[in-house]
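Remarks on the overall topology
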Amino acid sequence: MLASRLSRRAVLAGTAAAAALTAVPLLPGHAHAAEAGAKTTPSYRWRNAVIGGTGFVTGVLFHPSVRGLAYARTDIGGAYRWDDRAARWTPLIDHFDSDDWNLLGVEAMAVDAVHPDRLYLAVGTYAQSWAGNGAVLRSDDRGASWTRTDLTVKLGANEDGRGAGERLLVDPRDSDTLWLGTRHDGLLKSTDRGATWAAAGGFPGSPSASGQGVTLLVAAGRTLYAGWGDSDGTSPNLYRTADGSTWEAVPGQPAGTSAKVPIRAAYDCLTRELYLTYANAPGPNGQSDGSVHKLATVRGKWTEVTPVKPGGTTSDGSSDTFGYGGVAVDARRPGSVVVSTNNRWADIDTLYRTTDGGRTWASLKDAAVFDVSETPFLNWGADKPKFGWWIQAVGIDPYDSRHVVYGTGATLYGTRDLKHWAPQIRGLEETSVVQLVSPPVGEAHLLSGSRDIGVLYHDRLTASPSRGMTTNPVFGSATGLAQAGTKPAYVVRTGWGDNGNGAYSNDGGQTWAPFEAQPTIAKDAPGPIATNADGSVLLWSFVHWDGTKYAAHRSADNGATWTEISSFPKGATPVADPADPTLFYAYDTDTGKLLASTDSGRTFTARATGLPSGDSQFKVVAAPGRSGDLWLSTKWNGLHRSTDGGATFSKVDSCWASYTLGFGKAADGADYPAIYQVGSTETSTAVYRSDDGAKSWVRINDDQHQWGYIGEVITGDPRIHGRVYLATNGRGVQYGEPV
């Protein structure tokens with residue numbers, strides 16, 4: 001994904017982890033059972049609101065023994081299996097619940113050439129002290145069901161180096177032996193198909209709490225090679241073993257800045273040559289130098305085969321710096337190889353292809369013709385898409401030499417003729433969603449705001465939005481999205497952008513115009529925004545990406561002028577009363593106070609106090625069409641309701657925890673909107689619906705559909721009873737409907 005502040009892919013520094021490992025069996029779709037306190041779960045069908053990709057595809061792996069079978073991994077959105085007949089991806093680990101949110105990021109994957117139904121995943125999104133440990137998943141049915149081994153080391157699928165690999169390998173000499181390269185705990189080995197793990201004896205690399213550790217594992221015949229990411233450019237960074245016990249530095253290996261970090265490797269069994277890509281940093285950001293080398297494994301001879309050396313000058317005088325990323329060999333044609341550049345912003349990344357073992361190369365970008373009509377957002381507000389960025393995953397179909405795929409920060413492109421390219425992304429949805437609005441009228445039933453692709457107008461749920469990303473201006477990450485309660489044609493949005501940070505629409509979100517002016521702080525700290533019921537007043541809150549909070553501002557002229565509101569709690573999310581245009585609310589999560597304004601946002605005074613505090617994710621929402629009817633979700637502190645505009649709150653005793661709450665069309669005969677929430681009626685977190693004003697709840701998701709962390713936002717459809725939209729952190733917008 002494009003690098004931007006507040007990105008869900010922010011890179012975090014590593015920490016040390018323990019080395020002991022334990023095995024825990026996991027039944028297919030393991031999760032907490034539905035609670036006895038909830039009503040019988042109705043039958044719901046869950047699907048993605050189609051966008052198409054949108055996130056960093058960090059790895060792609062064609063199965064060497066099965067035609068049409070491939071797997072893909074992502075940094076925060078799980079793993080997928082390719083169905084060639086259906087031409088779509090199937091998600092494989094949606095069963096992880098909120099307790100296991102950290103396992104939705106996939107650090108590495110491996111297949112067994114001898115046993116084609118076996119699949120292995122190393123999962124764990126962050127290696128930080130606040131994140132849980134990683135795990136290894138193993139499947140005998142291509143990911144339809146899993147057995148899980150919990151590790152007591154941490155993995156980092158969303159950290160620097162996540163595009164390197166693969167770090168997981170089935171030993172070609174023994175299918176029961178697996179190898180796992182970790183970032184901070186060295187090389188691990190399993191001799192029972194991943195059920196238990198131990199440190200691999202004799203491996204030379206010395207792990208550290210802040211390094212990259214083992215960046216790749218690859219087999220060249222019966223010899224195993226391991227890339228080491230913590231070299232200084234002069235010490236060895238590639239090791240090998242012929243017996244699985246004794247490791248040595250590979251003689252004659254390249255050195256220097258351009259070969260500091262081994263990123264990817266691929267073995268050409270037809271020529272017995274091992275190809276490696278290198279960079280001066282693990283990536284995907286921060287690389288400015290790199291190279292490509294090959295090793296003739298029988299003779300031990302190294303040859304540099306770098307297509308273009310970084311550091312030249314582009315036509316506009318920019319420095320053409322980059323590293324090298326992905327590499328794939330053609331299983332059918334000796335000496336045919338594809339490599340990718342990475343972090344090449346001046347001259348734009350490309351794939352280079354050789355058919356003569358690296359003596360000559362051709363850039364596939366030069367003749368590329370793109371068709372992104374299936375996912376128009378890939379134009380990024382321009383008239384055509386880029387070839388890509390963050391390209392560290394490359395694959396060549398072992399049964400079709402002209403079928404090449406490569407992952408980017410936003411999609412997976414594929415070709416069948418080396419010229420015409422289109423997203424090969426159907427079924428793979430990786431958006432991190434932070435705002436949802438379901439309009440009561442208009443063509444679209446859904447507007448969404450995401451951390452990577454701004455705001456989308458979903459004219460259809462079963463196809464990627466035809467307008468692509470909202471423009472004028474384009475946002476990388478959205479921070480606010482609001483609709484006027486009694487004037488639904490009026491919508492406002494805020495976010496991170498280079499040409500303004502706020503915009504309004506008078507046609508329900510189809511077209512946009514930027515605010516005529518904006519507060520100075522908006523460029524560096526755009527936060528959430530609200531519009532009052534009739535669209536005549538805006539309240540804009542400001543929060544920097546590092547968490548620093550600033551004073552909110554008010555506009556009564558559609559963003560032409562702004563005035564600071566000192567009585568509004570800094571950093572709070574403004575909430576408009578959906579019926580009365582003079583009323584606004586704000587929940588101060590620092591102090592546990594509900595504040596209200598009765599003068600259209602000019603001043604705020606405290607109402608209820610002593611409410612739960614200390615968590616910025618506590619949130620208040622207003623029931624549609626009603627004045628002063630507020631619901632407060634405070635996670636494990638429960639759900640609270642006010643019917644007097646926040647003067648008093650009472651705790652709702654029908655649920656134990658509430659993370660986020662929204663409303664939809666009332667059930668037939670009901671006098672209150674349907675309520676949807678992510679919460680708990682007893683011990684487990686799930687998606688619930690109430691048709692009786694929160695007196696009782698029914699669970700509407702199941703153990704196979706949990707999607708990790710889902711506590712950001714939920715909303716029902718005001719026109720269709722039972723339909724609900726759910727934001728996920730890496731699995732896009734999920735929507736459910738009664739069967």
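Residues numbered from 1 in each chain as written. Predicted model: local features only at pLDDT ≥ 70, side-chain atom pairs only at ≥ 80, totals over all residues. Heavy atoms only, no water.

1. Side note on the overall build of the protein
Within the protein one finds zero helices and 58 strands. In summary, the protein has a C-alpha radius of gyration of 26 Å against a globular reference of 27 Å for 739 residues, a match within 12%. Considered along the principal axes of its C-alpha atoms, the protein spans approximately 80 × 60 × 45 Å. Looking at the protein as a whole, 62% of its 739 residues qualify as buried. Sequence-distant contacts, at least 24 apart, represent 54% of the contacts inside the protein between residues at least 6 apart. For the protein, the exposed surface amounts to about 25,700 Å²; the carbon and sulfur share of it is 48%. Side chains of the protein carry 67 positive and 75 negative charges; the gap between the two charge centres is 4 Å. (Helix = DSSP H or I, 4+ residues; strand = E, 2+ residues; numbered from the N terminus. Rg over C-alpha atoms; globule rule 2.2 N^0.38 Å. Buried < 20%, exposed > 50% of the residue type's maximum accessible area, 1.4 Å probe, protein only. Contact = heavy atoms within 4.5 Å. Areas by Shrake-Rupley, 256 points an atom, 1.4 Å probe, with all protein chains shown as cover. Lys, Arg positive; Asp, Glu negative; His and termini not counted. Charge placed at Lys NZ, Arg CZ, Asp CG, Glu CD.)

2. Section: the sheet that holds strand β54 (residues 686–690)
Read from one edge of the open sheet, four strands run β52-β53-β54-β55, paired in antiparallel fashion. Two strands close off the open sheet at either side, each with one partner strand: β52 (657–664) and β55 (698–699). With five bridges joining them, strand β53 (residues 674–680) and β54 adopt antiparallel strand pairing. Its bridge partner being in β54, Ile-675 is matched across the sheet by Ser-690. (Pairing = 2+ DSSP bridges.)

3. Describing the side chain of Gln-287
With respect to the helices and strands, Gln-287 occurs in the loop between β19 (273–279) and β20 (290–296). For Gln-287, a relative accessible area of 2% gives the class buried. Looking at Gln-287, its side chain comes within polar contact range of the main-chain oxygen of Ala-281, at 2.8 Å. A distance of 3.4 Å separates a polar atom in the side chain of Gln-287 from the backbone oxygen of Pro-282. (Polar contact = N/O pair within 3.5 Å; in protein donor to acceptor, adjacent residues only side chain to side chain.)

4. Some words on empty space enclosed by the protein
Applying the stated criterion to the full structure yields three cavities of 30 Å³ or more. Quantified by volume, the largest cavity comes out at close to 80 Å³. In this structure, the largest cavity is lined by 10 residues; those nearest its centre are Ile-76, Trp-101, Leu-104, Thr-125 and Asn-729. A class-by-class count of the residues in the lining of the largest cavity yields six nonpolar, three polar and one charged. (1 Å grid on protein atoms, 1.4 Å probe; cavity = no way out; pocket = protein on both sides within 12 Å on 5 of 7 lines; lining within 4 Å. Points joined across faces, edges and corners; volume = space filled by probe spheres on them. Nonpolar A, V, L, I, M, F, W, Y, C, P; charged D, E, K, R; others polar.)

5. So, the nonpolar core
Most often, soluble globular proteins have nonpolar side chains that are buried together. In terms of nonpolar packing, the biggest core is built from 25 residues, with Leu-351, Phe-377, Trp-380 and Tyr-406 touching the most fellow members. Within the residue set of this core, elements represented by two or more residues are β29 (393–396) and β30 (404–407). Within the second largest apolar cluster, 18 residues are counted, among which are Leu-69, Tyr-71, Val-106 and Met-109. (Core = buried A, V, L, I, M, F, W, Y, C linked by side-chain atoms within 4.5 Å.)

6. Here's the deal with the layout of surface pockets
Taken as a whole, the second largest pocket encloses approximately 1,200 Å³ of empty space. As for the second largest pocket, its lining consists of 45 residues, and the residues nearest its centre are Leu-61, Phe-62, Pro-64, Val-218 and Tyr-267. Mapped by element, the contributors of at least two residues to the lining of the second largest pocket are β2 (57–62), β6 (106–111), β10 (168–170), β14 (214–220), β18 (261–268), β24 (323–329) and β29. In terms of residues, the lining of the second largest pocket owes the most to one element, β18, which gives five residues. Grouping the amino acids of the lining of the second largest pocket by side-chain chemistry returns 30 nonpolar, eight polar and seven charged.

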